[in-house]
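Report on the structure
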Amino acid sequence: MGRIVEFDIAKGIGIILVVIGHQNIPHSVTNWIFSFHMPLFFILSGFFFSSKRKFYEIFKRRVKSLIIPYVFFYALNFILFCFLRDNYYSSFSFSIGQNLALWFLPVLFLSELLIKLSYNYRFSFTFVCFIYSIINSYFSLFENQIFNLLLWGCSLYGIGVLIRENDLLNIIKKRKKIFVVFSFIGSITISYMVSPTLNILFNEVGNPILTPLGIFFGCIYIYSLSLFMLKCNILKCLLSRLGANTLLVLCVHQVLYAYMQKYIFCDSYMMTVILRIIGLWIIMIILILFFNKYLRFVIGK
């Protein structure tokens, strides 16, 4: 139970960064967030992989927790963007309108199934997928978006599996003060050195050597930071609750902010941004309460 709370806090921090990263903020901040934010969720998901479950059990479980929410929110976003009269629709079939974050759900679903099928060769499979993803992104060897996303998903999910099996997180827990400082410095430094930074959706890697280090440092920083949050009951409660509802926030925050941009504005640019962000989080909190009480099945619960 303790480790689940740790990971929920890490996801809570991560989803806040995702929401911030999709706002109109300085490029340097966006660069830092994008250097690790999506790899973080794949790696955290991989940590909870169970080799004891049969393929059909995983398939059935993940259809409930990922595919049903994906279908529901894909349809919901389509309707909301139609009312918004947003004419931009991605050619990529996993996303709709401006809510490009939806791609994460089907890619995570397929990645877990592929890791299960290749479990006996998990180390070599993960290594090959990760190395190929970096090389392919840098040299643009193969431009099939779905294939490239699956390579990224399998490699990062597989890393999470390997971390759990080798109990590597205990190393961080024993020296969390050192890790939280040096991983933050390393993550920030690399994000300033690499531009453009990592963008899995568009298969951009920036630098084939520094980008993997950015993923490494960023994910360690968020996890080690979550360990400190355990000591503060208020932050622990808020972040773990938010982390447990990552899927909902991921699926709705972009379309909600699009509405904030259309209907909330004032003379001061800074005040406009503040009001939009406050409005966004108020609505998301209401949705979290509503969906958890009345529509749990569409958020995978």
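Residues numbered from 1 in each chain as written. Predicted model: local features only at pLDDT ≥ 70, side-chain atom pairs only at ≥ 80, totals over all residues. Heavy atoms only, no water.

**Topic: the overall build of the protein**
How we decide: Secondary structure elements are defined from DSSP: runs of H or I of at least 4 residues count as helices, runs of E of at least 2 residues count as strands, and each element is numbered from the N terminus. The globule rule used here is 2.2 Å times the number of residues to the 0.38 power, and the radius of gyration it is set against is calculated over C-alpha atoms. For the exposure calls, accessible area comes from a 1.4 Å probe over protein chains only, and a residue counts as buried if that area is under 20% of its type's maximum, exposed if over 50%, partly exposed in between. We treat Lys and Arg as the positive residues and Asp and Glu as the negative residues; His and chain ends play no part in the count. Working definition for charges: the position is that of NZ of Lys, CZ of Arg, CG of Asp or CD of Glu.
Counting its secondary structure elements, the protein contains 13 helices and zero strands. In the protein, the succession of α and β elements from N to C terminus is α-α-α-α-α-α-α-α-α-α-α-α-α. Its C-alpha atoms give the protein a radius of gyration of 19 Å, near enough to 19 Å, the size a compact globule of 301 residues would have. Judged by the C-alpha coordinates and their principal axes, the protein covers about 55 × 45 × 40 Å. Burial statistics for the protein: of 301 residues in total, 51% are counted as buried. Across the protein, the centroid of the 26 positively charged side chains sits 11 Å from that of the 10 negatively charged ones.

**Some thoughts on the packing of helix 12 (residues 246-263) against helix 13 (residues 269-294)**
Rule in force here: Axis angles are defined between N-to-C directions and span 0 to 180 degrees, where every axis is a line fitted to C-alpha atoms and, for a helix, only to the segment in contact. Angle categories: roughly parallel below 35 degrees, roughly antiparallel above 145, roughly perpendicular from 65 to 115, and oblique for all the rest. Should the near helix be turned anticlockwise from the far one by less than a right angle, the crossing is left-handed, and should it be turned clockwise, the crossing is right-handed. Whether two residues touch is decided by their heavy atoms; if any such pair falls within 4.5 Å, the residues are in contact. The residue classification treats Ala, Val, Leu, Ile, Met, Phe, Trp, Tyr, Cys and Pro as nonpolar and Asp, Glu, Lys and Arg as charged. All others, Gly included, are polar.
Viewed as axis vectors pointing N to C, helix 12 and helix 13 meet at an angle of 140°, and their least axial separation amounts to 10 Å. Judged by the angle between their axes, helix 12 and helix 13 are oblique. Considering the relative orientation of helix 12 and helix 13, their crossing is right-handed. Together, Leu 248, Val 249, Val 252, His 253, Leu 256, Tyr 257, Met 260 and Gln 261 of helix 12 and Arg 276, Gly 279, Leu 280, Ile 283, Met 284, Leu 287, Ile 288 and Phe 291 of helix 13 make up the contact between the two elements. Here the contact of helix 12 with helix 13 is built from residues that sort into twelve nonpolar, three polar and one charged.

**Re the state of the cysteines**
Applied cut-off: Disulfides are defined as cysteine sulfur pairs within 2.5 Å.
This model, assessed by the stated rule, comprises zero disulfides. Cys 237 takes part in no disulfide bond, and the closest cysteine sulfur, belonging to Cys 232, lies 10 Å away. For Cys 237, a relative accessible area of 51% gives the class exposed.

**Topic: a nonpolar patch on the surface**
The following threshold applies: Think of a patch as exposed residues, more than 30% relative accessible area, with no salt bridge, where like charges cluster within 9 Å and nonpolar side chains (Val, Leu, Ile, Met, Phe, Trp, Tyr) cluster within 5 Å. With residues, only the protein chains shown are counted as cover, and all accessible areas are computed by Shrake-Rupley using a 1.4 Å probe. Criterion for a salt bridge: a side-chain nitrogen of Lys or Arg within 4 Å of a carboxyl oxygen of Asp or Glu.
Residues Phe 123, Phe 127, Val 128, Ile 131, Ile 135, Tyr 138, Phe 139, Leu 141, Phe 142 and Phe 147 make up a contiguous nonpolar surface patch of about 1000 Å² in total accessible area. The element best represented in the nonpolar patch is helix 6 (residues 122-139), accounting for seven residues.

**With respect to empty space enclosed by the protein**
A probe matching the size of a water molecule, rolled over the atoms, marks out where space remains unfilled. Rules: Note on definitions: the grid is 1 Å and covers protein atoms alone; a cavity is a set of points where a 1.4 Å probe fits but cannot get out; a pocket is an open set with protein on both sides within 12 Å along at least five of seven lines; lining residues have an atom within 4 Å of a point. Grid points are joined across faces, edges and corners, and a volume is the space filled by probe spheres set on the points.
For the coordinates displayed, the defined rule picks out one cavity of 30 Å³ or more. Considering only enclosed or pocket space, the largest cavity measures out at about 40 Å³ in volume. The wall of the largest cavity is formed by Ser 35, Ile 190, Ser 191, Val 194, Thr 197, Leu 198, Leu 210, Thr 211 and Gly 214. Elements represented by at least two residues in the lining of the largest cavity include exactly helix 9 (176-193) and helix 10 (210-229). A class-by-class count of the residues in the lining of the largest cavity yields four nonpolar, five polar and no charged.

**Description of the confidence of the model for the protein**
In plain terms, the rule: Each residue carries a pLDDT value, the predictor's own confidence for that position, ranging from 0 to 100.
Mean pLDDT for the protein: 88, with 94% of residues reaching 70 or above. In the predicted structure, residues 87-92 sits below a pLDDT of 50 and forms 15 contacts with residues beyond four places in sequence or in another chain.

**Focus on the packing of aromatic side chains**
Aromatic rings in a pair are described by how distant their centres are and how their planes are angled relative to each other. Rules: Each Phe, Tyr or Trp ring, with Trp reduced to its six-membered ring, pairs with another whose centre is within 6.5 Å; inter-plane angles below 30 degrees give stacked pairs, above 60 give edge-to-face pairs, and intermediate values give tilted ones. A ring is scored as having a charge over it whenever the NZ atom of a lysine or the CZ atom of an arginine sits within 6 Å of its centre and within 35 degrees of its normal.
Applying the stated criterion to the full structure yields 27 aromatic pairs. With a centroid separation of 5.2 Å and 80° between ring planes, the pair formed by Phe 7 and Phe 48 is classed as edge-to-face. One end of the pair, Phe 7, is in helix 1 (residues 2-21); the other, Phe 48, is in the loop between helix 3 (37-47) and helix 4 (55-84), and 41 residues separate them in sequence. Taking relative accessible area as the criterion, Phe 48 reaches 33% and is therefore assigned partly exposed. Between Trp 103 and Phe 104, the aromatic rings sit 6.2 Å apart at their centres with planes inclined by 80°, giving edge-to-face as the arrangement. The two residues Trp 103 and Phe 104 agree in class, both being buried. In this structure an aromatic cluster arises from ring pairing among Phe 72, Phe 73, Phe 290, Phe 291 and Tyr 294. Cation over ring: Arg 122 sits above Tyr 119, and NZ or CZ is 4.1 Å from the ring centre. One Lys or Arg, Lys 176, reaches over the ring of Phe 228 and ends 5.3 Å from the middle of that ring.

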